Structures are given as structure tokens and as C-alpha cells.
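Descriptive analysis of the structure
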Amino acid sequence: MGLGTWSEQSECLWELASGEGMPRRQFLALLVAGGAAAVLAACGGRGSSSTPITGSPASTVDPAALFKDPTPFIQLGDSLESRLELMPGLITPNDLFFVRNNSASVDLSVDGWSLIVEGDAVEQRLDLSYDDILRLPSRSVTAYLECAGNHRVMFDRLQGRAADGTQWGRGAIGNGIWIGVSLADVLTLAGLADDAVSVLLVGLDKDSPEGGFQRVLPLEKALDTDTILAYEMNGEPLPRDHGFPLRAIVPGWVGSSQIKWLGRIVVSADPQWTRNNTTSYVLIGDDYSPEGEALGQVVTEQNIKSALALPWPARLEAGPHTLRGYAHSPRGQIYRVQYSDDGGASWHDSRVLTPQSQYSWAQFEFAWSASAGEHTIMTRATDIAGNTQPDRVPFNQKGYLFNQPLPHPIRVSA
Ligand SMILES: Nc1nc2c(c(=O)[nH]1)N[C@H]1C(S)=C(S)[C@@H](COP(=O)(O)O)O[C@H]1N2
Ligand SMILES: [Mo]
């Protein structure tokens, strides 16, 4: 059950246009050029508009690292880790949403911004303004966004071997309602060649490695209608720290694919290899075999995880408690979350709250009677496809995708 729907107005228009025999590409071009009026005019047989699609160059980088108030976060260098215990429910408010920057947040204005679509596998180079983007059919997706390195510190804490990179605990994740345009529509507008295979998304954070943080999506994921270029986050224009004016949302995939401050898309008939699919965001270690030009296995999807919405370590008073947490899987809804307070000897079912939507995380809760002393509680999620959290994750040098059940320390006072 997905929450994503075509906006009603665009859907009606598209029904009308396709009924008139109009190809999707022409429909999108008319929307960009002249809005609904142009589509209606063309459907009425008055011919198509030929307004050129133009934009202007990107604006400059602001050296400030971040814009939002860092107070409610765990601060890790220039990154902000969310505190799960502050999450008010299913949706993570923008001011509590984690931030991961590879350089600094960029302060762009829509006036100076445009999105370039180019490459050897598109028919036409596009230069789309913010208004052009807003005129395309909108799509809403509720999805969690998680850094590939979420839980990374646990390699050190639970396996005794520290991985490279920001030592994230459990809060490099948030769940949002995103509104934007399907990347597939933008690619269709540019005219996708039959031999296109890879889509590179490039950010405008020029101080980032490679002069603009960038990552490649294989064509199949790029064409998934739920892969969107979002301009709205939880009912507000995308905040600056989250990529204003436009960012990619790639449901279920690692955060590093979800490029913020998007400025350029390069579509190619060849695979494209850049830093973020060769040396970074690849699993490097004895248990992972290299692919293509990468040093290891390229990280694409996230994996199934669960975590308690408590501080680490937690402090509780003796007596009855309802403990809550979050679980998510890129492979389908959460079917079950079990917990153990005896080191994994016995497991009990928690209550998974419904309804769930496809790419969103799920909330779970269970009653726990706290007795004075030191405890640990582990949680373990299983999705409807049968995927579950493994007892042990093979080490990888950069510490991605750690999803063993976490023994959450809890001190109970009498
Ligand atoms: N342009 C750009 N996009 C980016 C990044 C970046 O540094 N620059 N960081 C990526 C990483 S590693 C993650 S985990 C997510 C974090 O998104 P958020 O800061 O909105 O939570 O953005 C991704 N997109
Ligand atoms: Mo990330």
C-alpha cells in the first residue's frame, strides 16, 4: 500500500491528452512550456506551444556548515544525528531530521538555480527552472531516508573493530513525506535513448569531493515512478539543510543516492564510475567481492533494522513501561518485531502499529516491567518477505549497513 498518488489535476490532464493520442513526452513538454492551458490548447487541436525551456546558472556556496538549530541533535562534526526518543510519531519533523553533509549546506535561491539534464543518452539537453519543475505532475512519497553508515559505531561497540567514518549511533535516519516530480518524467522530457543505462545525479555543493556530491543510479531505479526529485518535505519547501530547492528521494536506497541541491543529471549509455560507487559507499572487506571499477560491492538498498526510541544508554524507573521503537525494511512491510531482555535466550512479540505504507518506517511498542538493576533489550525485525536482522554482520572497512540486533543498555533505578 503506497501513499504516492499522481496529483489529481495532472492525472485528469494526462487522461485527456493520452486520449487525444498525445505521447507522454509531448504532454510533459507542454506542461513545462505553458502549463495546463498549453495541454488543453493542444488537445483542442490548436497546436503545440514551442516556448523554449531555459534557466539560469547556479548561485554561490555559503560557507556556513548548517542552517538549522543543532541543539536537539547529537552533534558529530558537521553532521547532526537525530535522537530517536524525541520523535513524536511516524513522521520526523524537519527540525528534528538528521543532517549529513560531505561539505557544508548550500544556500541557493530559486532565481539563480536550474536543473541541467544532459549526456550521451538523452535526445535533448534540458535546462529546467524551478517553475518548470513545479509545472510537471507532482507525486507524493512517504519514505524513510537513512545514511548507509547509520549504526556504524556498533562495529566498534559490538565487534570490537572500528570502521572508518562518522561514528553514527542510531539516528542517521528520519521518515518524511516528500512531494516532487518523478525522475522518470524528467528523463522522458529529455528523451531517453534506448541504450541508456546509468543516471548520474550531481549536487551543487562545490566544496564536496569531486566538486559536487554525486552518485550514479542504474536506469531501472531511476525510472521507478517513486524515485522523485522533491521540492517539498513534510508540507514545507525543502529546507536548505535538506537540499533546497530540489533533492532526489530514492525510496529504500542509501542516503548517499539521495542527492541534495541537485543541479545536474547526466544520462549515459555506459556505466558511470565516480568516487561514490568505487571507493565510497561500497562494501570493502574479505566477505565482499569487488564489482566493475569498485573496490568492493556497491551499496544500493538499505537493509532491515530496528531500534528502540530511547537514549543510549537509557535510564528508567522501576515499574511498568511501554517501550517504543522504529523498524524498517526496503523490501516490504514490517511483519514482526521481537524483543529479548535475556541476551537473546527468549524472544517475545511486540505490537507493530498499522497501517504501514510501503517505504515508510513502522512503529512498534511493547509493555516491559522494569526491575531495579542493569538490563539490555534487543529488538529484531522481520519483514513480510521473510528478511530478518542477522546475528552477525561481516565487517566492512567503511562500516555500512550494520543491522545486527542492538543490545540496548537500560539502567533501572529502584
Ligand atoms: N549534494 C549532496 N547531497 C547529499 C549529501 C551531500 O553531502 N551533498 N549527503 C548524502 C548523504 S551521505 C546522506 S546520508 C543524505 C542525508 O540527507 P539529509 O541531510 O537530508 O538527512 O544526503 C545525501 N545527499
Ligand atoms: Mo550518508
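Since the structure is predicted, the reported quantities are computational estimates derived from the model, not experimental observations. Residue numbers restart at each chain and count upward from 1, following the sequence in its written direction. Written order decides the labels, with chains lettered from A and ligands numbered from 1. For a predicted model such as this one, the threshold for reporting local features is a pLDDT of at least 70, and the threshold for listing and counting side-chain atom pairs is 80 or more; totals across whole chains, interfaces and linings nevertheless cover every residue. Computation of side-chain values covers all heavy atoms of the structure but excludes hydrogens and water.

**Here we look at the sheet that holds strand β16 (residues 314-317)**
Any two strands between which DSSP finds at least two bridges are classified as paired. Working definition: helices are DSSP H or I runs of at least four residues, strands are E runs of at least two. Numbering for both runs from the N terminus. Taken together, the 5 strands give an open sheet; going across it, the order is β16-β23-β22-β18-β19, and neighbouring strands pair in mixed fashion. Two strands bound the open sheet, and with one partner strand each, they are β16 and β19 (348-349). As defined by bridge partners, β16 adjoins strand β23 (residues 408-413) across 4 bridges and the pair is classed as parallel. Note on β23: the bridge partner recorded for E317 is S413.

**What about the domain arrangement of the protein?**
These domain boundaries are the output of an automatic or database domain assignment. The assigned domain composition of the protein is domain 1 (8-42), domain 2 (114-298) and domain 3 (305-413). Using C-alpha coordinates to define each centre, domain 2 is positioned 28 Å away from domain 3. Residues count as neighbours in contact if any of their non-hydrogen atoms are within 4.5 Å of one another. Between domain 2 and domain 3, the contact holds 37 residues from the first and 30 residues from the second. Defined here as a combined quantity, buried area equals the accessible surface (1.4 Å probe) lost by two parts on assembly, summed across both. Surface buried jointly by domain 2 and domain 3 totals about 3,100 Å² across both partners, of which 59% is contributed by carbon and sulfur atoms. What counts as a salt bridge is simple: a side-chain nitrogen of Lys or Arg found within 4 Å of a carboxyl oxygen of Asp or Glu. For the pair domain 2 and domain 3, the number of links is 1 salt bridge. Across the pair E146 and K305 runs a salt bridge whose closest N-O atoms are separated by 3.1 Å. Here a polar contact is taken to be a pair of N or O atoms separated by no more than 3.5 Å, where protein atoms must pair a possible hydrogen donor with a possible acceptor and residues adjacent in sequence count only if both atoms sit in side chains. Summed over the shared surface of domain 2 and domain 3, the number is 18 residue pairs in polar contact (both at pLDDT 80 or more). Counting residues per element, the ones that place at least two in the side of domain 2 that touches domain 3 are β5 (139-146), α4 (153-159), β6 (173-182) and β13 (282-283). In this classification, Asp, Glu, Lys and Arg are treated as charged, Ala, Val, Leu, Ile, Met, Phe, Trp, Tyr, Cys and Pro as nonpolar, and every other residue, Gly included, as polar. Among the residues forming the side of domain 2 that touches domain 3, the class breakdown is 17 nonpolar, 11 polar and 9 charged.

**Here we look at the layout of surface pockets**
The definitions used throughout rest on a 1 Å grid laid over the protein atoms alone, on which a cavity is an enclosed set of points accommodating a 1.4 Å probe that cannot get out and a pocket is an open set flanked by protein within 12 Å on both sides along at least five of seven lines; lining residues are those having an atom within 4 Å of a point. Grid points are joined across faces, edges and corners, and a volume is the space filled by probe spheres set on the points. The space that makes up the largest pocket amounts to roughly 380 Å³. What lines the largest pocket is a set of 23 residues, among which E301, Q302, N303, L401 and N403 lie closest to the centre. Tallied by class, the residues present in the lining of the largest pocket amount to 11 nonpolar, 9 polar and 3 charged. Each of domain 2 (114-298) and domain 3 (305-413) accounts for three or more of the residues forming the lining of the largest pocket.

**Some thoughts on the sheet that holds strand β3 (residues 115-118)**
Pairing in this open sheet of 5 strands is mixed, and the strands run β4-β3-β12-β7-β8 from one edge to the other. Across the chains shown, the open sheet's two edge strands, defined by having one partner strand only, are β4 (126-128) and β8 (214-218). Within this sheet the neighbouring strands show an average axis-to-axis angle of 15°, counted without direction. Two elements, β3 and strand β12 (residues 262-268), share 3 bridges in a ladder whose sense is parallel. The residue of β12 that forms the bridge with I116 is R264. Helix α5 (residues 183-190) rests against β3, β4, β7 (198-203), β8 and β12 of the sheet, and its axis sits at about 130° to β4. Think of each axis as a best-fit line through the C-alpha atoms, taken over the contacting stretch in the case of a helix, with angles from 0 to 180 degrees between the N-to-C directions.

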